[in-house]
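A look at the structure
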Amino acid sequence: MTTELVLLGTAGAPLPVAGRGGISSALIVDERVFVIDCGRGSPSAFAAAGLDFSRLEAVFLTHLHADHVGDLPGMLLYPWGVREGANGPLAPIRVYGPSRPEPVPSGDAIFHRETTIHPERPAPGAADLVESILAGYAYHLNVMPLDAHMPDAGALVRGIDIRLPVRTEAVAQVPVVVFEDSVVRITAVAVTHGRAVPALAYRFDTADGSIVFSGDTTVNDDLIALAREADILVHQVADLGYLERHGTDSAELARMAALHTDVTEVGGVAERARARELILSHYLPADPEAITEADWAKRAGQGFGGKTTAGRDGLRRTLPRVTS
Ligand SMILES: [Zn+2]
């Protein structure tokens, strides 16, 4: 058995940039493929990494901002034709993610909605999102099988909301078990990403080791506890100083500080978690020309005794086998 990580895309924020794909990672556990977030270009990156769409078992969404879910429709629909085996359709791709927030977040005097889109369901959860993808692409799903052999569309996907217990501030979260079998155990906690509530971080444990995905978050004690002794912590990173020097105004900058972990903080997170390797991803700024990988790694690694790696699209890591 092996457990392998592949970074499919490492850009943060929705605006496409040249040279870096949107945030998405894959974990291959004993030939089963799990995808964490489906940012821009993730289906193409999945193919470019040599991964097999017939092995895609589940997708885990950290939160429902477009930079994390924008290419979920493609991840489900493009490989539909290969989702079939000798005995009929493969098991549906399971899409796990946050449930609907309760209540729907509101803004303030500076940042607020003017138009509420789809007011009858203004903040759909992961299962709602999957249902809406099926509804929006019903033409393709209902008509394409009339002209080409396709597996039964009813077996394509299942959306599953992750229900977190009601939070008590200042009380440490007990991670929720999202999925568990004899090979992999996947747990999640809520992290802090502004009004994106809930936003999640995930931990994958296998016999080979453990990998944690931070999602988008400020420095968060529950994430640090989730990442305790992890072999790899894949963590988002922002350089707010860079953004300030390049024209982000103070109101927006204050918002971003309440959304993301800065490059000056992320090493401390990895150190407190006692992770073995910190891999940077979800870069802000996302433009690979803005800041060199060496600079990201050097600054992010300050205060961290383990190894710091500046993630890049296509980066792979195989977890060490546990020898008994
Ligand atoms: Zn993001």
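Refer to the preceding data block for the structure.
Everything in this summary refers to the structure shown in the same document. Computed from a predicted model, the values in this text were never measured in an experiment. (Residues numbered from 1 in each chain as written. Predicted model: local features only at pLDDT ≥ 70, side-chain atom pairs only at ≥ 80, totals over all residues. Heavy atoms only, no water.)

Overview of the sheet that holds strand 7 (residues 93-98)
Adjacent strands of a sheet form backbone hydrogen bonds with each other and so pair up, either parallel or antiparallel. Operational definition: For two strands to pair, DSSP has to find at least two bridges joining them. Only DSSP runs of H or I reaching four residues or more are called helices, and only runs of E reaching two or more are called strands; each is numbered from the N terminus. Orientation is described by lines fitted to C-alpha atoms, with helices fitted over the stretch in contact, and by angles between N-to-C directions that extend from 0 to 180 degrees. Any two residues whose heavy atoms approach within 4.5 Å are treated as being in contact.
Reading across from one edge, 8-7-4-3-2-1-16 is the order of the seven strands in this open sheet, with mixed pairing throughout. Of all the strands in the sheet, the pair left with one neighbour each is strand 8 (157-162) and strand 16 (316-318). Going across the sheet, the axis of each strand differs from the next one's by a mean of 20 degrees, ignoring polarity. The sheet contacts of helix 4 (residues 126-136) involve strand 7 and strand 8, and relative to strand 8 the element is tilted by about 155 degrees.

So, the coordination of the zinc ion
Inclusion rule: Distances define the donors: N, O and S atoms within 2.8 Å of the metal qualify, as do those within 3.2 Å of Na, K or Ca. Water is excluded, so some sites may look unfinished. In short, tetrahedral needs four donors with all angles between 85 and 135 degrees, square planar needs four and octahedral six donors with opposite donors over 155 degrees apart and all other angles between 65 and 115, and whatever is left is irregular. The cut-offs for exposure are 20% and 50% of the maximum accessible area for each residue type, with area from a 1.4 Å probe on protein chains only; residues under the lower value are buried, those over the upper are exposed, and the others partly exposed.
Around the zinc ion, the protein supplies D67 (OD), H68 (NE2), D216 (OD) and H282 (NE2) as donor atoms, at distances of 2.1 to 2.2 Å. Coordination at the zinc ion is irregular: its four donor atoms span angles of 88 to 170 degrees at the metal. Sequence spacing of the donor residues for the zinc ion, all on one chain, is D-H-x147-D-x65-H. Summarising the burial analysis for this pair, D67 and H68 share the class buried.

Re the layout of surface pockets
The following threshold applies: Throughout, the protein atoms alone are placed on a 1 Å grid, and a set of points is a cavity if a 1.4 Å probe fits but cannot get out or a pocket if it is open with protein on both sides within 12 Å along at least five of seven lines; lining residues have an atom within 4 Å of a point. Grid points are joined across faces, edges and corners, and a volume is the space filled by probe spheres set on the points. Put simply, Ala, Val, Leu, Ile, Met, Phe, Trp, Tyr, Cys and Pro go in the nonpolar bin, Asp, Glu, Lys and Arg in the charged bin, and everything else, Gly too, in the polar bin.
In this structure, the largest pocket encloses a volume near 1300 Å³. Every residue lining the largest pocket is counted, 41 residues in all, and those nearest its centre are H65, P105, H193, R195 and A196. Looking at the lining of the largest pocket, the elements that each hand over two or more residues are helix 2 (66-69), helix 8 (250-257) and strand 14 (277-284). Residue composition of the lining of the largest pocket, grouped by class: 22 nonpolar, 13 polar and six charged.

With respect to the side chain of R203
Quick reminder of the rule: We call two N or O atoms a polar contact when they sit within 3.5 Å, provided that within protein one can donate a hydrogen and the other can accept it, with sequence-adjacent residues counted only if both atoms are side-chain atoms.
Among the secondary structure elements, R203 is positioned in strand 11 (residues 199-206). A polar atom in the side chain of R203 sits 2.9 Å from the side chain of D205. There is a polar contact of 2.6 Å between the side chain of R203 and the backbone oxygen of L226. Look past the residues within four positions of R203 in its chain and what remains in contact with it is R185, I186, T187, S210, I211, V212, L226, A227, R228 and A230.

Examining empty space enclosed by the protein
All chains considered together, the criterion is met by two cavities of 30 Å³ or more. There is about 110 Å³ of room inside the largest cavity. Lining of the largest cavity is provided by 16 residues; of these, I23, D37, F213, G215 and V234 occupy positions nearest its centre. At the level of elements, strand 2 (24-29), strand 13 (232-238) and strand 14 are the ones that each hand at least two residues to the lining of the largest cavity. Take the lining of the largest cavity: its biggest share by element is three residues, from strand 13. Empty space within the second largest cavity amounts to approximately 40 Å³. Lining of the second largest cavity is provided by W80, R83, P89, L90, A91, P92, P151, D152, A155 and L156.

Section: unusual backbone geometry
Trans peptide bonds make up most of the peptide bonds, and negative phi angles are found at most residues other than glycine. Each neighbour pair has its own omega, and for V197 with P198 the value is -5 degrees, a cis peptide bond. Turning to its location among the elements, P198 is positioned in the loop between strand 10 (185-191) and strand 11. Of note in this structure, D30 is not a glycine but carries a positive phi near 55 degrees. For D30, the position within the fold is in the loop between strand 2 and strand 3 (32-36). A residue is classified by how much of its surface remains accessible, and D30, at 40% relative accessible area, is partly exposed. Located in the positive-phi region is H118, a residue other than glycine, with phi close to 50 degrees. Within the element layout of this structure, H118 appears in the loop between strand 7 and helix 4. For H118, a relative accessible area of 39% corresponds to the partly exposed category.

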